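# Remarks on the overall topology
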Amino acid sequence: MFSNIKKKECIAMIMAGGQGSRLYVLTSKIAKPAVPFGGKYRIIDYAISNCVNSHIDTVGVLTQYQPLLLNEYIGNGQPWDLDRLEGGLTILPPYQKNFGYDWYTGNANAVFQNMHYIERYNPEYVLVMGGDNIYKMDYSLMLDYHKKKDADCTVGVIEVKLEEASRFGIMNTNPDGSIYEFEEKPKEPKSTKASMGLYIFKWNRLKKFLIEDNEDPESAKDFGKNIITKMLAAGEKMFAYSFKGYWRDVGTIDSLWAANMDLLDHHDASLSGDWKIYSRNPAKPPQYVGRNAVIENSIVTAGSSIDGTVDSSVVFDGVRIEEGASVRDSIIMPGSVIESGALVQYAVVAENATVKSGATIGERPENMKNIDEWGITVIAGGISVGANAVVKPKAMIYESVPEGETW
């Protein structure tokens, strides 16, 4: 049926349809992989760039929740050199079929519904991953390991602290790396090998289990809970591949804020180095720094205008910080304005928001009488915080705050 399409050894499927509900206001209108990150990127850039840098040139991006901005941002894949006649990047939303239509009901179901896309390239291997983690990884090394072990499935894992292991899906392995048990968020974990939600399958084996899983009415249609578990039970050859680099799930406000701050501390997620992270360039003019501006230990991106104070913060394109304004330990996303006299600290200000003159957003943890009341403050995109208004630490602001009020 697809004899005129070039066969690919390995293709990638990126799960990018999640809501990311634990990011609250940041994902009320956009999908989690489209959330801005690191001054000039969006979260999805890491997964796509890893594929390109690993010489995987056929990438399917499965979208569903609030896909408009994500689809627009990805486009034809040109920023990642994936606008190709053979392979390249393809956006794969749910679609109507001649016998009806279905939303994706789980990440395994999403791949099942797009088996025809995979079959076009008749691959030996399929790489499946989430599009919402921050890490730099050479997938070709994992593929080499998969081939060497002649595995039916290889699961990417990272070592976590024992006290944190109960938050993850844990792979229990033999000395040779083979997996003998998978535990979903165990109360008493037997190992510290946490699944990254990253898998390489032999396509003929994955296809079989996807079809069987789709016919199981009790299945959650999830790779971790169902596909991996069923493959283990069937005696398939399963191995764990240990990743040693920086990896962070940015599924919560705290983890997203922390990952941005990690960039300032020169962690392995840093934007420098040979392993480049590519993105769609907004084509803004150079950043402007005024004569009275003070900038320390911060990322300040092209298109921004800084006349105030910025300390230990990440400032995206199109941001304006007026003279007398102060931004500390915060993330200011594209197009937002911090007016003169405003103070923003330990906060995330989403896209195109305005913090009016004299407003105060957030608080430093050392100034709190009760540390349990402290947390990162979040301002939704497109709203304004009125002049001299106060937004308390840990607040999640979905609508504009009137002048002078305390929320």
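This write-up is about the structure you can find in this document. (Residues numbered from 1 in each chain as written. Predicted model: local features only at pLDDT ≥ 70, side-chain atom pairs only at ≥ 80, totals over all residues. Heavy atoms only, no water.)

## Considerations on helix α6 (residues 203–214)
For clarity, the cut-off: Going along the chain from the N terminus, every DSSP run of H or I of four or more residues is numbered as a helix, and every run of E of two or more is numbered as a strand. By this rule the span expected of a helix is its residue count minus one, scaled by 1.5 Å. In this description, contact between two residues means that some pair of their heavy atoms is separated by no more than 4.5 Å.
For α6, built from 12 residues, the straight-helix expectation of 16 Å at 1.5 Å per residue is met to within 8% by its first-to-last C-alpha distance of 16 Å. In the core, the buried residues of α6 are packed alongside α3 (107–112), α4 (115–121), β8 (125–130), β13 (193–202) and α7 (223–233).

## Things to note about the state of the cysteines
Structurally, a disulfide amounts to a covalent bond that connects the sulfur atoms of two cysteines. Inclusion rule: Cysteine sulfur atoms that come within 2.5 Å of each other are treated as a disulfide pair. The buried label applies to any residue whose accessible area, calculated with a 1.4 Å probe on protein chains only, is under 20% of its type's maximum; exposed applies above 50%, and partly exposed to all values in between.
Considering all chains together, one arrives at zero disulfides under this definition. Looking at Cys10, it has no disulfide partner, and the nearest cysteine sulfur is the one in Cys51, 8.4 Å off. Exposure remark for Cys51: the relative accessible area of 0% places this residue in the buried category.

## Here we look at the nonpolar core
What counts is decided by this rule: For this analysis, a nonpolar core means a set of buried residues of the types Ala, Val, Leu, Ile, Met, Phe, Trp, Tyr and Cys, connected via side-chain atoms within 4.5 Å.
The biggest cluster of nonpolar side chains holds 102 residues, and the ones touching the most others in it are Leu26 and Met129. Among the elements that make up this core, the one with the highest residue count is helix α8 (residues 253–264) (eight residues). Apart from residues lying up to four places away in sequence, Met129 is in contact with Ala12, Met13, Ile14, Met15, Ala47, Cys51, Tyr135, Tyr139, Gly197 and Leu198. Judged by nonpolar contacts, the second largest core, of 34 residues, contains Ile118, Tyr121, Val157 and Trp203.

## So, the pattern of salt bridges
Two side chains that carry opposite charge are able to pair once their charged atoms sit near each other. The condition that has to hold: Salt-bridge detection follows one rule: a side-chain nitrogen of Lys or Arg within 4 Å of a carboxyl oxygen of Asp or Glu.
The final tally for this structure, using the stated rule, is 24 salt bridges. A salt bridge links Arg84 to Asp57; its shortest N-O distance comes to 3.5 Å. Placement of the pair is Arg84 in the loop between α2 (68–74) and β5 (88–92) and Asp57 in the loop between α1 (44–53) and β4 (58–62), with a sequence separation of 27 residues. Taking the relative accessible area as the measure of exposure, Arg84 reaches 35% and is therefore partly exposed. Asp150 is the partner of Lys237 in a salt bridge, and the nearest nitrogen-oxygen pair spans 3.9 Å. Pair noted here: Lys237 is in the loop between α7 and β14 (238–242) and Asp150 is in the loop between α5 (139–148) and β10 (153–159), with a separation of 87 residues, a long-range link.

## Observations concerning the sheet that holds strand β18 (residues 299–300)
Going by this rule: Strands are labelled as partners when DSSP assigns at least two bridges between them.
Strand order in the open sheet formed by six strands is β18-β21-β24-β27-β30-β33, and the pairing between neighbours is parallel. Either end of the sheet is taken by a strand with one partner, and the two such strands are β18 and β33 (396–397). Relative to β33, strand β30 (residues 377–379) runs parallel, the two sharing two bridges. Among the inter-strand pairings, Ile379 is bridged to a residue of β33, identified as Ile397.

## Here's the deal with the layout of surface pockets
Spelled out, the test is: We place a 1 Å grid over just the protein atoms. Points where a 1.4 Å probe fits but has no way out form a cavity, open points with protein on both sides within 12 Å along at least 5 of 7 lines form a pocket, and any residue with an atom within 4 Å of a point lines it. Grid points are joined across faces, edges and corners, and a volume is the space filled by probe spheres set on the points. Amino acid classes used here: Ala, Val, Leu, Ile, Met, Phe, Trp, Tyr, Cys and Pro are nonpolar; Asp, Glu, Lys and Arg are charged; the rest, including Gly, are polar.
The space that makes up the second largest pocket amounts to roughly 310 Å³. Lining the second largest pocket are 16 residues, with Lys29, Ile30, Ala350, Glu351 and Gly381 sitting closest to its centre. Tallied by class, residues from the lining of the second largest pocket come to 11 nonpolar, three polar and two charged.

## Side note on unusual backbone geometry
One can expect most non-glycine residues to show negative phi and most peptide bonds to be in trans. Residue Gln66 is not a glycine yet carries a positive backbone phi of 40°. Turning to its location among the elements, Gln66 is positioned in the loop between β4 and α2.

## Quick look at the side chain of Glu183
Short version of the rule: We treat Lys and Arg as the positive residues and Asp and Glu as the negative residues; His and chain ends play no part in the count. Here a polar contact is taken to be a pair of N or O atoms separated by no more than 3.5 Å, where protein atoms must pair a possible hydrogen donor with a possible acceptor and residues adjacent in sequence count only if both atoms sit in side chains.
By the element assignment, Glu183 lies in strand β12 (residues 179–184). Lys190 provides the closest opposite charge to the buried, salt-bridge-free Glu183, at an N-O distance of 4.4 Å. A distance of 3.0 Å separates the side chain of Glu183 from the side chain of Asn172, its partner in a polar contact. Not counting the four nearest positions on each side in its chain, Glu183 is found in contact with Phe168, Gly169, Ile170, Asn172 and Lys190.

## Structural notes on the environment of Ile134
Examined against the element boundaries, Ile134 turns out to sit in strand β9 (residues 133–135). Sequence spacing of Ile134 and Ile43 is 91 residues, and the spatial spacing of their C-alpha atoms is 6.9 Å.

## Considering the pairing of β14
Within β14, four of the five residues are buried, leaving the element largely enclosed by the surrounding structure. Of the pairings in the sheet, the one linking β10 to β14 comprises five bridges and is parallel in character. Across the sheet, residue Cys153 finds its bridge partner in β14, namely Met238.

## Considerations on the sheet that holds strand β23 (residues 326–328)
The six strands are arranged β17-β20-β23-β26-β29-β32 in an open sheet whose pairing can be described as parallel. The two strands at the open ends of the sheet, each matched to only one other strand, are β17 (294–296) and β32 (390–391). Here β17 pairs with strand β20 (residues 309–311) via three bridges, running parallel. Looking at the pairing, Val294 lines up with Thr309 of β20.

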